[in-house]
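Examination of the molecular architecture
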Amino acid sequence: MRPNSQALKHKVPHDTEREFGGTLGAICIPIFLPLTVLFLICVSRSPEASVLQWPPPLPSQDQLWDPVAPMLLLAWITLHTLLYFMPLGKVSEGLLLRDGTRLKYPINGFHALCISGVLLMLLLGLGAPMGYLFELLVPLAVCAIAVSFVFSVYLYIRSFWAPSHALALGGNTGNPLYDFFIGRELNPRIGSFDLKYFCELRPGLIGWVVINFGMLMKEVELRGSPSLAMILVNSFQLLYVADALWNEEAVLSTMDIVHDGFGFMLVFGDLAWVPFTYGLQAAFLVVHPQALTSLRAAAIIALNGAGYYIFRKSNSQKNQFRRDPSHPTVARLETIATATGKRLLVSGWWGFVRHPNYLGDLLMALAWSLPCGFSHLLPYFYVIYFTVLLIHREDRDERQCRAKYGLAWDTYCRRVPYRIFPYIY
Ligand SMILES: NC(=O)C1=CN([C@@H]2O[C@H](COP(=O)(O)OP(=O)(O)OC[C@H]3O[C@@H](n4cnc5c(N)ncnc54)[C@H](OP(=O)(O)O)[C@@H]3O)[C@@H](O)[C@H]2O)C=CC1
Ligand SMILES: CC(C)=CCC[C@@H](C)[C@H]1CC=C2C3=C(CC[C@@]21C)[C@@]1(C)CC[C@H](O)C(C)(C)[C@@H]1CC3
């Protein structure tokens, strides 16, 4: 079959604005971020654990490679592909596409998490050395990065066979480097297997908590029992991942699924960045144990609880409102009309700040770092990166909403002046 000629001539509707620093970003980010992943893992296990130490703790050649790593990764991706097709849970429809159709998605991610948990316990019962994941972390990250590159090349090439309505508006600039990076095709599928939806929530997100568990088991190997700090980090992050999978259907209306193409940025983010940097606190704690008083632990649990409450309530309120504005839980909230026919909430959580869900997410991120104490910056990497990511994301969303809702969006901004942090930002 010949590539879609219309797509090749770039006669496809597209956004002219380029994200993430345009071509320069598209060249630098794929070089810089994979190195950052390896650098951060190495720092987390070095005695100094300082991101500023010089020379940086670089891995030796034999630390980079372990033949077990690609086999484990392959087994993991195969397992989750099989679980994706499991006839459990319901099938939901995504938002309306440009060609007027809707795609169908299996909602069985939470089942996949539970089955992964059961398999993990079975392996543990059979004496599998889970703590070995600590030694395997760098080789696994190397393989995940390699898979991200190969997979993104595949996605870029196959996008030339996609019809123009299946391409993302932001990923068809005609600049190959930028389009490879940002993603051309919106919802690439092999049959009914949706590659973006699969990667967004399954192998990487569930892989992250499995790696965390491996760090906990390494601590048990080294010190006989897991520390309170390690238990908190594992529990908080498991709650976050379980929540994402429990509410899997909500991901169908996120910017990533609805608007962004599937290119290197998301592939690498899902398969390498999330599993190997979001849980750095657990890797840090293996080599840098921290004592935690019950009082401090209680305060950190309260902070995570408050963050989770704001995150979940605000996300659920908006999702409910978008699905059924007449539902009793949202019907009495004050709203403003927009020219598109959709309404915007101006009371409840979305009348407090314009992104209450980001606020809750950031409070949780802080709670994940605090069990690691204040002696090192590394465990705070996630909350710092995440603040930058969400401020940038808020800005992107704001531009999209202004383009969508025009004057109504300006009215909303006047009614709700703060973006994420009340009275600050
Ligand atoms: N851990 C991580 O790495 C990441 C986590 N996240 C989390 O993912 C979650 C989803 O975030 P994200 O996808 O960025 O977007 P949001 O869930 O914040 O959704 C933004 C959309 O909501 C709608 N909206 C905005 N304001 C209103 C309003 N007042 N009333 C009704 N609808 C409104 C608009 O879409 P429309 O009007 O078209 O419905 C807007 O485009 C967040 O909790 C975030 O913290 C996000 C990125 C990374
Ligand atoms: C630096 C870099 C490579 C950034 C790429 C960004 C991605 C890591 C994130 C973009 C949006 C994401 C979301 C989640 C994870 C991180 C990425 C992929 C998410 C699945 C985490 C769990 C949440 O509950 C969520 C489902 C709302 C969320 C969706 C967005």
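What counts as what
- Residues numbered from 1 in each chain as written.
- Chains lettered and ligands numbered in written order.
- Predicted model: local features only at pLDDT ≥ 70, side-chain atom pairs only at ≥ 80, totals over all residues.
- Heavy atoms only, no water.
- UniProt positions renumbered as here; feature names shortened; annotations may be inferred.
- Salt bridge = Lys/Arg side-chain N within 4 Å of Asp/Glu carboxyl O.
- Helix = DSSP H or I, 4+ residues; strand = E, 2+ residues; numbered from the N terminus.
- Buried < 20%, exposed > 50% of the residue type's maximum accessible area, 1.4 Å probe, protein only.
- Near = heavy atom within 4 Å.
- Areas by Shrake-Rupley, 256 points an atom, 1.4 Å probe, with all protein chains shown as cover.
- Nonpolar A, V, L, I, M, F, W, Y, C, P; charged D, E, K, R; others polar.
- Patch = residues over 30% accessible without salt bridge, like charges linked within 9 Å, V, L, I, M, F, W, Y side chains within 5 Å.
- Polar contact = N/O pair within 3.5 Å; in protein donor to acceptor, adjacent residues only side chain to side chain.
- Phe/Tyr/Trp six-rings, centres within 6.5 Å; stacked < 30°, edge-to-face > 60°.
- Lys NZ or Arg CZ within 6 Å of the ring centre and 35° of its normal.
- Contact = heavy atoms within 4.5 Å.
- Core = buried A, V, L, I, M, F, W, Y, C linked by side-chain atoms within 4.5 Å.
- pLDDT = per-residue confidence, 0-100.
- Axes fitted to C-alpha atoms, helices over the stretch in contact; angles between N-to-C directions.
- Parallel < 35°, antiparallel > 145°, perpendicular 65-115°, else oblique.

In the nomenclature of an unreviewed UniProt entry, the protein chain corresponds to Delta(14)-sterol reductase TM7SF2 from the organism Amphiprion ocellaris. Entered under Sequence similarities (unreviewed entry) in the UniProt record, the comment concerning the protein chain runs "Belongs to the ERG4/ERG24 family." Quoted straight from UniProt, the Pathway (unreviewed entry) entry for the protein chain says "Steroid biosynthesis; cholesterol biosynthesis."

1. Here's the deal with the pattern of salt bridges
Counted by the stated rule, this structure contains 19 salt bridges. As a salt-bridge pair, Glu-219 and Arg-223 come within 3.4 Å of each other at their nearest N and O atoms. A residue pair is termed a helical-turn pair when its members lie 3 or 4 positions apart in one helix, as Glu-219 and Arg-223 do in helix H9 (residues 203–223) at 4 residues. We classify Glu-219 as buried; its relative accessible area is 1%. Using a relative accessible area of 36% as the deciding quantity, one classes Arg-223 as partly exposed. Here the salt bridges do not stand alone but share partners, grouping Glu-19, Asp-260, Asp-395, Arg-396 and Arg-399 into one network.

2. Observations regarding the site of ligand 2
Every one of the 16 residues lining ligand 2 counts as a neighbour, but Glu-200, Ala-244, Asp-256, Asp-270 and Arg-393 are closest to it. Isolated, ligand 2 exposes 630 Å² of accessible area, and the fraction of that covered by the protein chains is 86%. Elements that contribute at least two residues to the shell around ligand 2 include exactly helix H8 (195–201), helix H10 (228–246), helix H12 (264–277) and helix H16 (381–405). The leading source of residues in the shell around ligand 2 is H12, at 6 residues. Per-class residue counts for the shell around ligand 2 are 11 nonpolar, 1 polar and 4 charged.

3. Quick notes on a nonpolar patch on the surface
A contiguous nonpolar patch, built from Ile-27, Ile-31, Phe-32, Leu-35 and Leu-177 and spanning about 510 Å² of accessible area, is present on the exposed surface. In terms of residue count, the dominant contributor to the nonpolar patch is helix H2 (residues 22–45) (4 residues). Here Ile-31 shows up in helix H2. Given the relative accessible area of 53%, Ile-31 is considered exposed.

4. With respect to the site of ligand 1
Lining the immediate surroundings of ligand 1 are 25 residues, of which Tyr-278, Tyr-358, Asp-361, Lys-404 and Tyr-405 lie closest. Measuring from an oxygen atom of ligand 1, one finds a side-chain N or O atom of Arg-393 at 2.7 Å. Summarising the interface, the protein chains cover 87% of the accessible area of ligand 1, which totals 920 Å² for the free molecule. Those elements that provide at least two residues to the shell around ligand 1 are helix H14 (294–323), strand S6 (343–345), helix H15 (356–369) and H16. Considering every element that reaches the shell around ligand 1, the biggest residue donor is H16, with 8 residues. Classifying every residue of the shell around ligand 1 gives 14 nonpolar, 4 polar and 7 charged.

5. Here's the deal with the packing of aromatic side chains
Inspection of every chain in the model, using the stated rule, returns 37 aromatic pairs. Between Tyr-84 and Phe-193, the ring centres sit 4.9 Å apart and the planes meet at 80°, which makes this aromatic pair edge-to-face. Here the residue Tyr-84 occupies a position in helix H4 (residues 68–84), and Phe-193 occupies one in strand S4 (residues 193–194), the gap between them amounting to 109 residues. Here the basic side chain of Arg-18 rests over the ring of Tyr-178, its NZ or CZ set 5.4 Å away from the ring centre. Over the ring of Phe-160 we find Arg-184, and its NZ or CZ is 4.0 Å from the ring centre.

6. As for the side chain of Lys-218
Structurally, the position occupied by Lys-218 is in helix H9. Setting aside anything within four residues of it in sequence, one finds Lys-218 in contact with Gly-131, Phe-134, Glu-135 and Val-286.

7. Thoughts on the UniProt feature "transmembrane region" (unreviewed entry) in the protein chain
UniProt's entry tags residues 20–47, 67–86, 107–130, 136–157, 225–242, 262–287, 294–311 and 365–391 with the feature "transmembrane region" (unreviewed entry), counted in the numbering of this structure. Secondary structure content for residues 294–311 is 100% helix and 0% strand, and the end C-alpha separation is 25 Å.

8. Quick look at the nonpolar core
A general trend in soluble globular proteins is that nonpolar side chains are found buried together. Formed by 106 residues in total, the largest nonpolar core has its most connected members in Met-215 and Phe-276. Ignoring sequence-local partners within four residues, the contact set of Phe-276 consists of Val-37, Ile-41, Leu-137, Leu-140, Ala-141, Ala-144, Ile-211 and Leu-271. Within the second largest apolar cluster, 15 residues are counted, among which are Leu-333, Leu-344, Cys-401 and Tyr-405.

9. What to know about the confidence of the model for the protein chain
Here the protein chain averages 92 in pLDDT, while 96% of its residues score no lower than 70. Contacts from residues 5–10, a stretch scored under 50 in pLDDT, to residues over four places away or in other chains number 11 contacts. In the model output, the complex is listed with pTM 0.94 alongside ipTM 0.97.

10. Details of unusual backbone geometry
With the exception of glycine, most residues fall at negative phi, and the peptide bonds are largely trans. With an omega of -5°, the peptide bond running from Trp-54 to Pro-55 counts as cis. Note on placement: Pro-55 falls in the loop between H2 and helix H3 (61–64). Even without being glycine, Phe-20 reaches a positive phi, approximately 50°. Relative to the elements of secondary structure, Phe-20 occurs in the loop between helix H1 (5–8) and H2. With a phi angle near 65°, Tyr-423 is a residue other than glycine that sits in the positive phi range.

11. Quick look at the environment of Glu-17
Along the chain, Glu-17 falls in the loop between H1 and H2. What makes Glu-17 partly exposed here is its relative accessible area of 48%. Distance from Glu-17 to Gly-170, taken between C-alpha atoms, is 7.6 Å for residues 153 residues apart in sequence.

12. Observations regarding the packing of H2 against H12
Angle between the axes and distance between the axes are the two parameters that describe a pair of packed helices. The contact between H2 and H12 brings their axes to 10 Å, and the two run at 10°. Relative to H12, the element H2 lies roughly parallel. Here Ile-29, Pro-30, Leu-33, Pro-34, Thr-36, Val-37, Leu-40 and Ile-41 of H2 come into contact with H12, specifically with Phe-264, Met-265, Phe-268, Trp-273, Phe-276 and Thr-277. The residue makeup of the contact of H2 with H12, split by class, is 12 nonpolar, 2 polar and no charged.

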